[in-house]
Amino acid sequence: SRLSDKIFGIIQFQGSPGAGSLGFPGEELIVTDLYLTYITDQNTEFTFGSFDAPFGLQTESLSNNADTFRNPFILNSLLYSSFVSAPIGTLNTVGLKIERQYDFGTVVSSVTNGTSESAINADGNFGTIQRLSTDKVLEGHHFAVSYMRSNEFQSNPAPNSGFNADFEGIILDWHYSGMDTVMLKIYSAWLEYGDRNPATEDKVVSWMMEASKEFDGWSLAARLSSWMPKDDDGNGAGISSVMPAAGLATSVNGNSPALDQDVIRAQLAVTYPLEDNLLVKTEVFLDNYKKEVAGSQTDVPGFLISLNMQF
């Protein structure tokens, strides 16, 4: 809500009857975003508190708890799912964010407690994010480069240690909006989850390709996203001990899917607005895992339907 001409604040609560496999908080009600934004002039904003980590252009259009109005899908791509260990949600962090508009584009900088709003960072390190974006080069095209750094690795991690990694990442984004009804989005990401062990492989590459088109009263969207560790042989050895799991697979006969393998998520979604503030969404998806577990596939196909209201 707007508190004055130069100050506005957000308090966002999240909850559900039960958590489930989509990662909704539940059964309790929790506070996620909680911040104040101070606008010094027409070009600069300071945000203090808990906010979505501005790592990549896709952050502004993620599905977050029960809010899917900002994009044509229900599930997020594999990269952003891995950040929060759930297919829906955003990476929240606590600190200061500065956003400034220039003639050439927008610069966003943040200094935070790390890769979680609860991260303690016992060694005194801070997380930093820098993002440069511009839509001034070509009409309808939006480009961005984002850099994130947060060293939170602890050999004996505390419960609130974020990624618990010596983390570093770069994302390159390209968005295209043409003829008012077509949207294309692509990103490529290079990440490192350092565990300070020279014998393990810490790097992973992720990419996404997305296309959506609006028709008369409804929209159709398709997306492919990937999670591709450099160590992808599936033997469960030689990969960083703090590498996150990607995708929805859990276990087969008590055996968890190997972290050192490629995963591809394919999504196809249809959105139909019943009212301006009421959407029906259907989505089919497949999380395809390159390797088997104990001779069995761990691929996860699925179908989702949602009725989403905002007020």
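**Thoughts on the overall build of the chain**
Here is step 1 of the chain: Counting its regular elements, the chain contains one helix and 14 strands.
Here is step 2 of the chain: In terms of C-alpha radius of gyration, the chain reaches 20 Å, essentially the compact-globule figure of 19 Å for 311 residues.
Here is step 3 of the chain: Each principal axis of the C-alpha atoms in the chain carries an extent, and together these give about 60 × 50 × 45 Å.
Here is step 4 of the chain: Looking at the 311 residues of the chain, the share that counts as buried comes to 44%.
Here is step 5 of the chain: Total accessible area on the chain is roughly 15300 Å²; 57% of this is exposed by carbon and sulfur atoms.
Here is step 6 of the chain: With 18 positive and 38 negative side-chain charges, the chain shows a spacing of 4 Å between the two charge centroids.

**Concerning the packing of aromatic side chains**
The geometry of an aromatic ring pair is captured by two quantities: the separation of the ring centres and the angle between the planes.
Here is step 1 of the chain: Enumeration over the complete set of coordinates arrives at 13 aromatic pairs.
Here is step 2 of the chain: Between Phe163 and Tyr193, the aromatic rings sit 5.7 Å apart at their centres with planes inclined by 45 degrees, giving tilted as the arrangement. Of the two residues, Phe163 is situated in the loop between β7 (141-151) and β8 (166-178) and Tyr193 in strand β9 (residues 182-194); the sequence distance between them amounts to 30 residues. Residues Phe163 and Tyr193 agree in their burial class; the two are buried.
Here is step 3 of the chain: An aromatic cluster is present here, built from Phe55, Tyr80, Phe83, Phe163, Phe167, Tyr187, Tyr193 and Trp227 joined pairwise through their rings.
Here is step 4 of the chain: Taking NZ or CZ as reference, Arg100 lies 5.3 Å from the ring centre of Tyr102, over its face.
Here is step 5 of the chain: The aromatic ring of Phe215 is capped on one face by Lys213, whose charged end is 5.5 Å from the ring centroid.

**A short note on a nonpolar patch on the surface**
Here is step 1 of the chain: Together, Phe215, Trp218, Leu220, Leu268, Val270, Tyr272, Leu274, Val284, Phe303, Ile305 and Leu307 line one region of the surface with nonpolar side chains, adding up to about 1000 Å² of accessible area.
Here is step 2 of the chain: Sorting elements by how many residues they give to the nonpolar patch places strand β12 (residues 263-275) first, with four residues.
Here is step 3 of the chain: Position of Trp218 relative to the elements: it lies in the loop between β10 (203-214) and β11 (219-229).

**Here we look at unusual backbone geometry**
Here is step 1 of the chain: Positive phi outside glycine occurs at Asn164, with the angle close to 50 degrees.
Here is step 2 of the chain: Position of Asn164 relative to the elements: it lies in the loop between β7 and β8.
Here is step 3 of the chain: Unlike most non-glycine residues, Ala294 shows phi in positive territory, near 50 degrees.
Here is step 4 of the chain: Structurally, the position occupied by Ala294 is in the loop between β13 (278-289) and β14 (300-309).
Here is step 5 of the chain: By relative accessible area, Ala294 is classed as exposed at 60%.

**Section: the environment of Tyr35**
Here is step 1 of the chain: Within the secondary structure, Tyr35 sits in strand β2 (residues 30-39).
Here is step 2 of the chain: Along the chain, Tyr35 and Thr90 lie 55 residues apart, while their C-alpha atoms are 15 Å from each other.
Here is step 3 of the chain: Look past the residues within four positions of Tyr35 in its chain and what remains in contact with it is Phe8, Gly9, Ile10, Thr47, Phe48, Gly49, Ser50 and Phe51.

**A closer look at the pattern of salt bridges**
Here is step 1 of the chain: Applying the stated criterion across every chain, the model contains eight salt bridges.
Here is step 2 of the chain: A salt bridge links Arg131 to Glu60; the nearest nitrogen and oxygen atoms lie 3.2 Å apart. Separated by 71 residues along the polypeptide, Arg131 in strand β6 (residues 127-134) and Glu60 in the loop between β3 (44-52) and α1 (78-84) bring together distant segments of the chain.
Here is step 3 of the chain: Accessibility expressed as a relative area gives 7% for Arg131, which makes it buried.
Here is step 4 of the chain: Overall, Glu60 belongs to the partly exposed group, its relative accessible area being 42%.

**Some details on the nonpolar core**
Considering soluble globular proteins, one finds that nonpolar side chains tend to be buried as a cluster.
Here is step 1 of the chain: In terms of nonpolar packing, the biggest core is built from 36 residues, with Phe55, Leu79, Phe83, Phe167, Leu191, Tyr193 and Trp227 touching the most fellow members.
Here is step 2 of the chain: Put simply, the parts of the chain that give this core at least two residues each are α1, β8, β9, β10, β13 and β14.

What counts, and where the lines are drawn
Residues numbered from 1 in each chain as written. Predicted model: local features only at pLDDT ≥ 70, side-chain atom pairs only at ≥ 80, totals over all residues. Heavy atoms only, no water. Helix = DSSP H or I, 4+ residues; strand = E, 2+ residues; numbered from the N terminus. Rg over C-alpha atoms; globule rule 2.2 N^0.38 Å. Buried < 20%, exposed > 50% of the residue type's maximum accessible area, 1.4 Å probe, protein only. Areas by Shrake-Rupley, 256 points an atom, 1.4 Å probe, with all protein chains shown as cover. Lys, Arg positive; Asp, Glu negative; His and termini not counted. Charge placed at Lys NZ, Arg CZ, Asp CG, Glu CD. Phe/Tyr/Trp six-rings, centres within 6.5 Å; stacked < 30°, edge-to-face > 60°. Lys NZ or Arg CZ within 6 Å of the ring centre and 35° of its normal. Patch = residues over 30% accessible without salt bridge, like charges linked within 9 Å, V, L, I, M, F, W, Y side chains within 5 Å. Salt bridge = Lys/Arg side-chain N within 4 Å of Asp/Glu carboxyl O. Contact = heavy atoms within 4.5 Å. Core = buried A, V, L, I, M, F, W, Y, C linked by side-chain atoms within 4.5 Å.

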